[in-house]
Amino acid sequence: MRATLQVDPIACTGHGLCADLLPELIELDEWGYPILADNIPPELAALARRAVNACPALALRLVRTQRKLTTRHSYQRDRSEGARRAGAEGDG
Amino acid sequence: MNHARTAARLTLDWQHADRAATLREHTRRYGPLQRQASGTRDLLDEVAAARLTGRGGAGFPTATKIRAVAGRRGPAVVVANGMESEPASEKDQALLARAPHLVLDGISVAAEAVGASAAHLCLPRTRDWLTECVLAAVTERQRAGLDRIGVAVHELPHHYVSSEETSLVHWLNGGDAKPTTTPPRPFERGVGKRPTLIDNVETLAHLALIARYGAAWFREAGTSEATGTMLTTVTGAVSRPGVYEVEAGTSVGDVLALASLQAGAEAVLIGGYFGTWHDIAAVAGRPFTAAGLRPAGASPGAGVLFVLPAEACGLVEAARIMRFLASQGAEQCGPCIFGLPAIADDLAQLAAGRPEGDPLSRMQRRFGVISGRGACRHPDGAVRMAASAVRTFGADARAHAQRRPCLAARRGRRHGWQQTAVLPVPRPFAEGEWR
């Protein structure tokens, strides 16, 4: 199973623990919030899990690829090609 | 010579209207709304064939959205989005104030299409005149026994992010009018945990006309890429600012000509405060549509064009918008809470020609790390606007960065920004009021 790191930006309070535990994949911006790498190489999978478990705000997650934690439109995946167009700012 | 293609559909007879059309006037104008005898499938096919897209800014195919909700189990909910939190847009309020029954027809049509058991219309709390006007229309319909389900009209806090789909759902469910993390998307689990269809009020008005006249009629206006008509708001350095209905595919230059572009104006903000700045000459020939503007890195958003007057400073205007957007976040996500004010400070220093350090390179770095890192797209839009200002007013930005600000900025420094600035930046809504 392929997985990526994702952060729930509302839950994240910028502790920065994740970047300490996994500097290979996570860096902090100038305000202390994590910027995540896109892919997790297999050799770092265990460390990634550890960083997820250590997050004090429970904001860091490992998510199977394809289902993304964003506000992009993803109306039913099996629907017409329009469903693949990533929506949108504003209110549709 | 003016080549702009106007098409009065939603705006039929508006030139005579200084008030909302009554139900009787509305019915005379458009004919009665027939109940779909052959079921909702036909209507869905018509909407799909019409290729109607959302008019709230996202441009998502409306039929896809309706099908997604209709395909879920159990009764659904319809929410009409009349929040119009984009300060440079006036089209939704203009539509609701003059043709409320067109929107209410659309809600009725959408409710039938998705099998809804409840319908809501969300309006900003800052426009009580509009609420009164819409409520009067709702009462008229109740008396006439027109709709299967009633429409509940709500007044929400009017923050910039409160018009996001998830903000409406959260508020209608008893929470704050703030965006929430997704999934679940509202179509899966929205108001009252039910599948929820949320459409902009203009989109619903088009839906009401497609239900009456069909897809072929709808496509008579517009191009193969962008069908029908669209409402636009044109303001700034134009002699006749206001809301115009144009055929989709009309060029930016022709839309500007409709409002009578003033001489000397060189730059335009496309898409509103969430939009991008451009040289008019570079975009005038492009269709004012998503596909037409994409190569230029722009989007029509909710159909907004703001023309920068020749004597104004684009950096000053961009700095004011950025300050507004920074104050309009939901205060939920770190990159937005800290990143937007930081960029607003950078831009303000640049605009004033009083840089501390190197605001230009600081901004470039910050532009790169903020997008995509909030729960909603608020930070992305704000960053895009700021980046486009630095790009479009590049020569100006470099001069300002070397403490050689333009005349407008010097005047602003001397007499106060409010004296010289031109864009309408609303006073931020009472802080902390989200419920």
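Predicted model, so just to flag it, every value in this text is computed and none were measured. (Residues numbered from 1 in each chain as written. Chains lettered and ligands numbered in written order. Predicted model: local features only at pLDDT ≥ 70, side-chain atom pairs only at ≥ 80, totals over all residues.)

1. Observations regarding the pairing of strand S3 (residues 151–156) of chain B
And then number 1: Examined bridge by bridge, strand S2 (residues 116–124) of chain B and S3 of chain B share 6 bridges and lie parallel to one another. Its bridge partner lying in S3 of chain B, Leu-123 of chain B is registered against Glu-155 of chain B. (Pairing = 2+ DSSP bridges. Helix = DSSP H or I, 4+ residues; strand = E, 2+ residues; numbered from the N terminus.)

2. Here's the deal with the domain arrangement of chain B
Residue and element names in this part refer to chain B.
And then number 1: Structurally, chain B comprises domain 1 (14–219), domain 2 (229–308) and domain 3 (314–420).
And then number 2: A separation of 25 Å is found between the C-alpha centroids of domain 1 and domain 2.
And then number 3: Taken together, the 13 residues of domain 1 in the interface contact 15 residues of domain 2.
And then number 4: Of the residues forming the side of domain 1 that touches domain 2, the biggest block, 3 residues, is contributed by helix H4 (residues 91–98).
And then number 5: Residues that form the side of domain 1 that touches domain 2 fall into these classes: 4 nonpolar, 4 polar and 5 charged. (Domains from an automatic or database assignment. Contact = placed C-beta atoms within 7 Å. Nonpolar A, V, L, I, M, F, W, Y, C, P; charged D, E, K, R; others polar.)

3. Regarding the packing of helix H5 (residues 100–114) of chain B against helix H6 (residues 128–144) of chain B
Residues and elements named next belong to chain B.
And then number 1: For the pair H5 and H6, interaxial distance at closest approach is 10 Å and the crossing angle is 60 degrees. The pairing of H5 with H6 is recorded here as oblique in orientation. For the crossing formed where H5 meets H6, the hand is right-handed. Contacts between H5 and H6 involve Pro-100, His-101 and Leu-104 on the former and, on the latter, Cys-133, Val-134, Ala-137, Val-138 and Arg-141.
And then number 2: Here the contact of H5 with H6 is built from residues that sort into 6 nonpolar, 1 polar and 1 charged. (Axes fitted to C-alpha atoms, helices over the stretch in contact; angles between N-to-C directions. Parallel < 35°, antiparallel > 145°, perpendicular 65-115°, else oblique. Left-handed = near helix turned anticlockwise from the far one by under 90°.)

4. Considerations on the sheet that holds strand S5 (residues 229–236) of chain B
In sheet architecture, strand pairing relies on hydrogen bonds along the backbone and comes in two forms, parallel and antiparallel.
Residue and element names in this part refer to chain B.
And then number 1: Spatial ordering of the open sheet is given by S6-S5-S9-S7-S8, a layout of 5 strands whose pairing is mixed. Two strands in the sheet have a free side with no partner beyond their single neighbour: strand S6 (242–247) and strand S8 (276–279). Between one strand and the next, the sheet's axes are offset by a mean angle of 30 degrees, whatever the strand orientation.

5. Quick look at the environment of Gly-339 of chain B
And then number 1: Following the sequence through the fold, Gly-339 of chain B ends up in helix H14 (residues 334–352).
And then number 2: As for Gly-339 of chain B and Ala-397 of chain B, which are separated by 58 residues in sequence, their C-alpha atoms are 20 Å apart.
And then number 3: Setting aside residues no more than four positions away along its own chain, Gly-339 of chain B makes contact with Trp-31 of chain A together with Arg-366, Ile-370 and Pro-379 of chain B.

6. A few points about helix H15 (residues 359–370) of chain B
Residues and elements named next belong to chain B.
And then number 1: Taking 1.5 Å per residue as the helical rise, H15 with its 12 residues ought to reach 16 Å, and the 16 Å between its terminal C-alpha atoms agrees with that figure.
And then number 2: Taken residue by residue, H15 has Pro-359, Met-363, Arg-366 and Ile-370 as its buried positions. Take H15 and look down its axis: the buried residues cluster within an arc of 65 degrees, on one side only. Seen from the buried face of H15, the exposed residues on the opposite side, beyond 90 degrees, are Ser-361, Arg-365 and Gly-368.
And then number 3: Of the surrounding elements, those touching the buried residues of H15 are H14, helix H16 (378–392) and helix H17 (394–401).
And then number 4: Following H15 by one or two positions, Gly-372 adopts a phi angle in the positive range, close to 80 degrees. (Expected span 1.5 Å × (residues − 1). Buried ≥ 20, exposed ≤ 12 C-beta atoms within 10 Å, placed from the backbone. Arc of directions from axis to C-beta.)

7. Quick notes on unusual backbone geometry
All names here are of chain B.
And then number 1: Phi angles above zero are rare outside glycine, and Arg-51 is one such case at about 55 degrees.
And then number 2: Tracing the sequence through the fold places Arg-51 in the loop between helix H2 (40–50) and helix H3 (62–70).
And then number 3: Residue Arg-51 is classed as buried on the basis of its C-beta count, with 20 C-beta atoms lying within 10 Å.
And then number 4: In this structure, Ser-260 is a non-glycine residue whose phi angle is positive, near 65 degrees.
And then number 5: Turning to its location among the elements, Ser-260 is positioned in the loop between helix H10 (252–258) and strand S7 (267–270).

8. Regarding the packing of H14 of chain B against H15 of chain B
Residue and element names in this part refer to chain B.
And then number 1: Running from amino to carboxyl end, H14 crosses H15 at an angle of 155 degrees, the nearest separation of the two axes being 10 Å. Here H14 lies roughly antiparallel to H15, going by the angle between them. Considering only the axes of H14 and H15, their crossing is left-handed. Contacts between H14 and H15 involve Pro-335, Gly-339, Ala-342, Ile-343, Asp-346, Gln-349 and Leu-350 from the former and Pro-359, Leu-360, Arg-362, Met-363, Arg-366 and Ile-370 from the latter.

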